[in-house]
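Chain residues, written in single-letter form:
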Amino acid sequence: HNTLKHILKLVREEYLSASKTEEGECQPESLHKLIINRENSDYGKNVTDLRERVFEIIEELLLEFEVACEEISKQAIEHIHANEIIMTIGHSRTVEKFLKFAAKNRKFQVIVAESAPSYSGHKLAANLAGSKISTTVITDDAIFAMMARVNKVIIGTSAILADGGLNAISGSRTVAMAAKHYSVPLIVLGAVYKLTPKFIPTGEQLASSQLSSPDPVLRDLEGKTKGKISCVNPLLEFVPSNLVTLFISNLSGYSPSYVYRQMAELYHRDDRQLEDS
Amino acid sequence: MPADTSPLEVFKSSLDREVTTGIAAIQGLMQVLRQSKAKTLQELVELLNTETEKFKNVDCSVIAVTSASELFLRFITLAHTQLETQDFSNCLQLMLERGTNFLSKLEKARDKIATNFQPYVQEGGKILVHGSSKAVLSALVKVARLGREFHVYLTRGGIKLKKHMDAENIACTVIDDMAVGYVMKKVDCVLLGAEGVCESGGIVNQLGTLTVSIVAKQFNKPVYSLVESFKFVRFYPLDQDDLPTEFQRVGESSDDVLCPRVDYTPPAHITLLFTDLGILTPSAVSDELINLYL
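Basis of the calculations
Residues numbered from 1 in each chain as written. Chains lettered and ligands numbered in written order. Predicted model: local features only at pLDDT ≥ 70, side-chain atom pairs only at ≥ 80, totals over all residues. Heavy atoms only, no water. Helix = DSSP H or I, 4+ residues; strand = E, 2+ residues; numbered from the N terminus. Rg over C-alpha atoms; globule rule 2.2 N^0.38 Å. Buried < 20%, exposed > 50% of the residue type's maximum accessible area, 1.4 Å probe, protein only. Areas by Shrake-Rupley, 256 points an atom, 1.4 Å probe, with all protein chains shown as cover. Lys, Arg positive; Asp, Glu negative; His and termini not counted. Charge placed at Lys NZ, Arg CZ, Asp CG, Glu CD. Contact = heavy atoms within 4.5 Å. Pairing = 2+ DSSP bridges. Patch = residues over 30% accessible without salt bridge, like charges linked within 9 Å, V, L, I, M, F, W, Y side chains within 5 Å. Salt bridge = Lys/Arg side-chain N within 4 Å of Asp/Glu carboxyl O. Axes fitted to C-alpha atoms, helices over the stretch in contact; angles between N-to-C directions. Parallel < 35°, antiparallel > 145°, perpendicular 65-115°, else oblique. Left-handed = near helix turned anticlockwise from the far one by under 90°. Nonpolar A, V, L, I, M, F, W, Y, C, P; charged D, E, K, R; others polar. Core = buried A, V, L, I, M, F, W, Y, C linked by side-chain atoms within 4.5 Å. pLDDT = per-residue confidence, 0-100.

The next subject is the overall build of chain B. When helices and strands are tallied, chain B shows 12 helices and 10 strands. Here the C-alpha radius of gyration of chain B, 20 Å, is about what a compact globule of 294 residues would show, namely 19 Å. Projected onto the principal axes, the alpha-carbon positions of chain B cover approximately 60 × 45 × 35 Å. For chain B, buried positions account for 55% of its 294 residues. Summing over all exposed atoms, chain B offers an accessible surface of approximately 13,200 Å²; the carbon and sulfur share of this is 52%. Here chain B carries 30 positive and 36 negative side-chain charges, and the mean point of each set is 6 Å from the other.

Helix and strand counts for chain A stand at 11 helices and 10 strands. The burial tally for chain A puts 46% of its 277 residues in the buried class. A separation of at least 24 residues holds for 77% of the contacts in chain A among residues at least 6 apart in sequence. When the accessible surface of chain A is split by element, carbon and sulfur atoms take 52% of a total near 14,100 Å².

Residue and element names in this part refer to chain B. In spatial order, the strands read β5-β6-β8; together these three strands make up an open sheet with antiparallel pairing. Two strands in the sheet have a free side with no partner beyond their single neighbour: β5 (196-197) and β8 (262-265). With four bridges connecting them, strand β6 (residues 203-206) and β8 associate as antiparallel partners. By the bridge assignment, isoleucine 203 is partnered in β8 with threonine 265.

Turning to a nonpolar patch on the surface, a few remarks are in order. Where nonpolar side chains cluster on the molecular surface, the patch consists of Leu206, Leu211 and Val232 of chain A and spans about 300 Å² of accessible area. Within the secondary structure, valine 232 of chain A sits in the loop between α10 (221-224) and β8 (236-239).

This paragraph deals with unusual backbone geometry. All names here are of chain A. The omega angle of the peptide bond from alanine 116 to proline 117 is -5°, so this bond is cis rather than trans. Relative to the assigned elements, proline 117 resides in the loop between β2 (109-113) and α6 (120-130). The phi dihedral of serine 115 is positive, around 60°, even though this residue is not glycine. In this fold, serine 115 is placed in the loop between β2 and α6.

This part is about the packing of helix α5 (residues 93-103) of chain A against α6 of chain A. Residue and element names in this part refer to chain A. α6 packs onto α5 with a crossing angle of 20° between their chain directions and a minimal axis gap of 10 Å. Taken together, α5 and α6 sit at an angle that is classed as roughly parallel. Of the two elements, α5 crosses α6, and the hand of that crossing is right-handed. Contacts from Glu96, Leu99 and Lys100 of α5 reach α6 at Leu124, Asn127 and Leu128. Residues belonging to the contact of α5 with α6 are distributed by class as follows: three nonpolar, one polar and two charged.

Residue and element names in this part refer to chain A. The two faces of strand β7 (residues 186-189) match: Leu186 and Val188 on one face and Ile187 and Leu189 on the other face are all buried. Bridging between strand β4 (residues 152-156) and β7 involves four bridges; their strand directions are parallel. Along β7, the bridge assignment pairs glycine 156 with leucine 189. Sheet topology places β7 next to strand β9 (residues 246-248); three bridges connect them, and they run parallel. Residue pairing for β9: leucine 189 is matched across the bridge by isoleucine 248.

This next bit is on the pairing of strand β1 (residues 85-89) of chain A. All names here are of chain A. With five of its five residues buried, β1 lies for the most part within the structure. Side chains Ile85, Met87 and Ile89 of β1 all project onto a buried face; the interleaved residues Ile86 and Thr88 project onto the opposite face, where all are buried too. Direction of pairing for β1 relative to β2: parallel, over a ladder of five bridges. Bridging across to β2, threonine 88 finds its partner in valine 112.

Turning next to the nonpolar core. If you look at the biggest cluster of nonpolar residues, it comprises 63 residues, and the most contacted ones within it are Met147 and Val153 of chain A together with Leu140 of chain B. For this core, the leading source of residues is helix α7 (residues 134-145) of chain B, giving eight residues. Ignoring anything within four residues of it in the chain, the contact list for leucine 140 of chain B reads Ile127, Val129, Phe150, Val152, Met165, Ile170 and Leu191 of chain B. The next biggest cluster of nonpolar side chains, apart from the first, holds 35 residues, and it includes Met30, Ala38, Ile76 and Cys91 of chain B.

One open sheet accounts for seven strands, arranged β3-β2-β1-β4-β7-β9-β10 (chain A); its pairing is mixed. At either margin of the open sheet sits one strand with a lone partner, and together these are β3 (134-138) and β10 (253-254) of chain A.

Residues and elements named next belong to chain B. Along the polypeptide, leucine 33 turns up in helix α2 (residues 21-35). A residue is classified by how much of its surface remains accessible, and leucine 33, at 1% relative accessible area, is buried. Measuring from C-alpha to C-alpha, the distance between leucine 33 and serine 89 comes to 11 Å, with 56 residues separating the pair along the chain. Other than its neighbours up to four places away in sequence, leucine 33 contacts Leu44, Phe72, Ile76, Leu92, Met95 and Leu96.

Turning next to a negative patch on the surface. Taken together, the side chains of Glu52, Glu56, Glu59 and Glu60 of chain A present a region of like negative charge at the surface. Looking at the element boundaries, glutamate 59 of chain A is found in helix α3 (residues 50-74).

With that out of the way, let us pick up the confidence of the model for chain B. Detailed reading of the predicted model is not advised wherever pLDDT is low. All names here are of chain B. Chain-level pLDDT for chain B is 85 on average; 95% of the residues reach the 70-or-more range. When the elements of chain B are averaged for pLDDT, helix α12 (residues 285-293) gives the smallest value, 76, and helix α10 (residues 209-218) the largest, 95. As scored by the predictor, the complex reaches a pTM of 0.83 and an ipTM of 0.76.

Encoded structure:
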């Protein structure tokens, strides 16, 4: 969805620059626009080579996405210092590359919360240990207990919402709240394509967390109790923006209150509600 | 309206018809345009400023008049720069046309806000409403007409809305202003309007808003403000004392009770602002204002 909307924006920009007219610039709706009284361009003009241009743009975009992970990793040195203890949860490929890149020049320790019932943290720990990074695996219950000794928390995310909140792996909110309690900075790694113009209202939080099969949690229990136990096994959960200190994307680092700006650059206002219209 | 009614009367009659203060002010100023025999932009601006001062003396939300008139003034000056080559009376005609267009766009603002806000009211939700904002009313009415059941806790400050809510069959409980802390735990979110939005992202609203939002923060309840974009004002208060006295218009009370009309709620206490420009975080407000004035 996000990529689709982003491409729509790029196409609109291409059209406007190609047709070189003064028709309402590709500006987001604003008070200024109301006053200037220019109508939105209806994109009706014939632009001859629009198709080739759009193809070029999509190719550039693909390239950008492919190197996104590397771009994020390159910023690792600025954020990880020697002898620091970093905490993370679950297995994020972005976080893995980030830490491995930093390990080339710095010595630090990593604590990985295993994130039951998927235990994806184990995989990350194995990979990090393979790169000779000193790693410790902890259970999810120990997150709060260990937080006092942690210098930074670095996590990945599935989506970054329009208000700066996250839709991240289940367990992230616990980590975030523990970090807030001990004033430990929480850094979220997310390429620009993870930004979504959606908000998640409180009522929809459970629905957006992608409930998955209760089997890994209950295992045999369901059979033994003949279905009297129900179980909720969310894959993702919502983390509010006040718990996040910094976002690192392939373009730059920015604070949660700046997310609206990134949003304005990536998506056109009219495209934000594609599903509803 | 007849061409010879004074702008002040146009303004007052719009207010009587329950049109929101900002739009009423712009309607009044449009009447100035119609009646003016000004030959230069300076003269016109002078005229508009004098009329705005008269409007501010009426018992209404002064901050809304300020923001609307500043916006209108900006509209005039921008329109004039674009039509520079024409002589002034032609200019005036064109401004009138554009002005009518401008006004009709603003009037649609409330509906857009209601649409934006819709997904935030869930079935069986409980909402605390403070202040008698028409934007809030129209949003809640819209959701109610969709058939969603929800319950509203209305503070005494918002009592004017009660009869409208009853007309739409919205379940409504009026609570005493001091009972806000008592009910806050049961409530899902707090809904406010705003008389004005400051550059900091904070809002100026009916007295009691600051208290309600502080209590909401304590209970981790989101505070939403529904406000039209023409209420954005270029003003950066740090504290209650920074509000100009003309906004306060302290009521004539017979005893020595301090009863200001409005208070300022800092942006840290507001979760989201629902405007016709979209859903904004408080930090996005100053960006919108810069876009306007630059």
